[in-house]
Structure formats: C-alpha cells, structure tokens
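Residue-level structural notes
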Amino acid sequence: MNFFKYVKQETEVIRQKDPAFKSNWEVFLYPSFWALYHYKRAHKLYEKGHFYRARKISQRAARKTGIEIHPGAVIGEGFFVDHGHGVVIGETTIIGNNVTLYQGVTLGGTGKEHGKRHPTLGDNVMVGAGAKVLGNIKIGNDCKIGAGSVVVRDVPDDCTVVGIPGKIVVQDCKRLIENLDQVTLPDPVAAEFCKLKDENERILKRISKIEKQVAENRDHMIIN
C-alpha cells in the first residue's frame, strides 16, 4: 500500500464530505482515516488466510479509533465515517463506492444466519447516526437511512428509510441524496398520528351531525 497515495485519496474524500475540514494536515486527526488504513492492511492478510494477524490489527485499530471493521468486509472507494465512535461493520458486509456512515452505525447480523449474514450497501449510500442495518439484506444505490433507524429488509434504489422498523418514506427522489442533512427527513410516526387525528375529526363531525339529526327528529315528534 502506497501510504502517500492513500493520504491524498482520503484528503480529497474528507474534504468533500466534511465541512469542518480546514487543512490537509487535519486528515491525520480523523478516526476514519486510521480505521480505513488499518482495515486495508488487515483485509489483505485476511484474503491470504492470515485470520489471526488480520483480526489483531483490526481489534487494535478498533480500540484506538472507536471504529470496528472486520477484516473480512469488502469496502469500495470513497468510504467515510464521520466522527466514527461506536461504528461496527461485520465480517460479510459489502459496501459500495461513496458511502458515508455516521457515529453509532451498526452493519451487523441478526444472530440467526450463517454464511453471508451482514448487509450489502450499494453506491452513494448515507447511513445516519445510530442507525442499525441488520442481516443479509441489500440497501440499493443512492439510499439514505435516517438517524436511529433499524433496517431489517431490502431497500430498493433511490429510497429514504426512517423509523423502527425502517420504512421507506421517499423513493425515486435523488435530490435528497445530494443533501446529507439528517434533520429534514420525513417522520412516518408523526404522519400516522396526523392520519389518526384527521380520521378522529371526521368521526366527531359525523357523530355531531347524527346527534343533531336525532335531536331534530325528537323535537319534531314532541311537537306532533
């Protein structure tokens, strides 16, 4: 591995993805930079069957950076972990190009599977802080997983997923993918409450109308 080439590549990635990045020297201060560097070393050893040495490197890096990447995972170009503490990436995880994870993200298994038991993420995916993507599922290209979501089912391309369990709330809307703002995501729970509120108001209006009709009929019968 050419360290200087790696530094140049990561500097460009971080510059594009983190507005707090001010100078090239700061690249050495990012946990993501060191976690990915050690992952690449460990992954090569893993592919050659040196599993203990690979795990030793990855576990040491996890203690230092707070980012645990199993050396068996496959990670594409342009990968970035913002802040990074508490991030866990399982052994059979596959990550495409230009993927961003925030702190507390888990790409893990469900505890019931064997073989391929971790997620596959497509290109241009953003996974928000604290989100959990679990099991042998596929997250399509250009997807956005909202902070705190728990995703256990496949997600098609060009979708935004939020909630527990994760629900698709936006599909075929690439404009959201271009904006990595985690705040302006739809809230499916709030939407359900709004639907219940509207339905309740309709029922109350209907009851009020029926009560009015009953009262009018009763008054009419008394008069007669």
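Before reading on, note that the structure itself is shown above.
The written sequence of each chain sets the order in which its residues are numbered from 1. Under the rules for a predicted model, residues below a pLDDT of 70 receive no local features and side-chain atom pairs below 80 are neither given nor counted, while totals for whole chains, interfaces and linings still include all residues. The side-chain values count all of the structure's non-hydrogen atoms but skip hydrogen atoms and water molecules.

Structural notes on helix 2 (residues 31-47)
Inclusion rule: Helix and strand assignments follow DSSP, with helices taken as H or I runs no shorter than four residues and strands as E runs no shorter than two, numbered in order from the N terminus. A helix is expected to span 1.5 Å multiplied by its residue count minus one. Only protein chains enter the area calculation, which uses a 1.4 Å probe; residues under 20% of their type maximum are buried, those over 50% are exposed, and those in between are partly exposed. For this analysis, residues touch if any pair of their heavy atoms sits within 4.5 Å.
Over its 17 residues, helix 2 extends 24 Å from the first C-alpha to the last, a length consistent with the 24 Å expected when each residue adds 1.5 Å. Among the residues of helix 2, Ser32, Phe33, Ala35, Leu36, Tyr37, Tyr39, Ala42, His43, Leu45 and Tyr46 are the ones counted as buried. In this structure, the buried residues of helix 2 make contact with helix 1 (3-17), helix 3 (51-65), strand 1 (67-69), strand 2 (74-75) and strand 3 (80-82). Two residues or fewer after helix 2 comes Gly49, characterised by a positive phi angle close to 90°.

Some words on the sheet that holds strand 3
Definition in use: Two strands qualify as a pair provided that DSSP identifies no fewer than 2 bridges between them.
Spatial ordering of the open sheet is given by 3-6-9-12-14-15, a layout of 6 strands whose pairing is mixed. Of all strands in the sheet, those bounded by a partner on one side alone are strand 3 and strand 15 (167-171). Here strand 9 (residues 126-127) pairs with strand 12 (residues 144-145) via 2 bridges, running parallel. Within strand 12, the position partnered with Met126 by the bridge is Lys144.

As for the packing of aromatic side chains
Here is the rule: Working definition: rings of Phe, Tyr and Trp (its six-membered ring) pair if their centres are within 6.5 Å, and the pair is stacked with planes under 30 degrees apart, edge-to-face with planes over 60 apart, and tilted otherwise.
A full pass over the atoms with the stated rule returns 14 aromatic pairs. Between Phe3 and Phe4, the ring centres sit 6.2 Å apart and the planes meet at 75°, which makes this aromatic pair edge-to-face. Overall, Phe3 belongs to the partly exposed group, its relative accessible area being 27%. Judged by relative accessible area, Phe4 falls into the exposed class, the value being 69%. Between Tyr46 and Phe51, the aromatic rings sit 5.0 Å apart at their centres with planes inclined by 65°, giving edge-to-face as the arrangement. For Phe51, a relative accessible area of 45% gives the class partly exposed. A connected cluster of aromatic rings, assembled from ring pairs, spans Phe3, Phe4, Tyr6, Trp25, Phe28, Phe33, Trp34 and Tyr37.

Digging into the nonpolar core
Note the following rule: To define a nonpolar core, start from buried Ala, Val, Leu, Ile, Met, Phe, Trp, Tyr and Cys residues and group those joined through side-chain atoms within 4.5 Å.
Counting 39 residues, the largest nonpolar core has Phe79, Ile89, Leu101, Val127 and Ile139 as the members making the most contacts within it. Of all elements in the fold, only helix 1, helix 2, strand 1, strand 3, strand 4 (87-89) and strand 14 (159-162) reach the threshold of two or more residues within this core. A total of 5 residues in this core trace back to one element, the largest contributor, which is helix 2. Ala42, Leu45, Tyr46 and Ile57 belong to the second-largest nonpolar core, a separate cluster that totals 5 residues.

Details of the sheet that holds strand 10 (residues 132-134)
Spatially, 5 strands are ordered 1-4-7-10-13 in an open sheet, and the strand pairing comes out parallel. Each of the sheet's edge strands pairs with one partner strand only, and the pair in question is strand 1 and strand 13 (150-151). Across 2 bridges, strand 4 lies against strand 7 (residues 106-108) in parallel orientation. Within strand 7, the residue paired with Val88 across the bridge is Thr106.

Focus: the pairing of strand 15
Summarising the sheet, strand 14 and strand 15 pair through 4 bridges and their orientation is antiparallel. Its bridge partner lying in strand 15, Val161 is registered against Ile168. Connecting strand 14 to the next strand, strand 15, in antiparallel fashion are 4 residues, including Gly163 with a positive phi near 100°.

Topic: helix 3
The terminal C-alpha atoms of helix 3 lie 21 Å apart, and with 15 residues this matches the ideal 21 Å at 1.5 Å per residue to within 8%. Elements in contact with the buried residues of helix 3: helix 2 and strand 1. Just downstream of helix 3 lies Gly66, where phi reads positive at about 80°.

Remarks on the state of the cysteines
Condition: Disulfide assignment relies on a single distance test, namely cysteine sulfur atoms paired within 2.5 Å.
Considering all chains together, one arrives at 0 disulfides under this definition. Of the cysteine sulfurs around Cys143, a residue in no disulfide, the closest is that of Cys159, at 5.1 Å. Classification of Cys143 by relative accessible area gives buried; the value is 1%. The class of Cys159 is buried, set by a relative accessible area of 1%.

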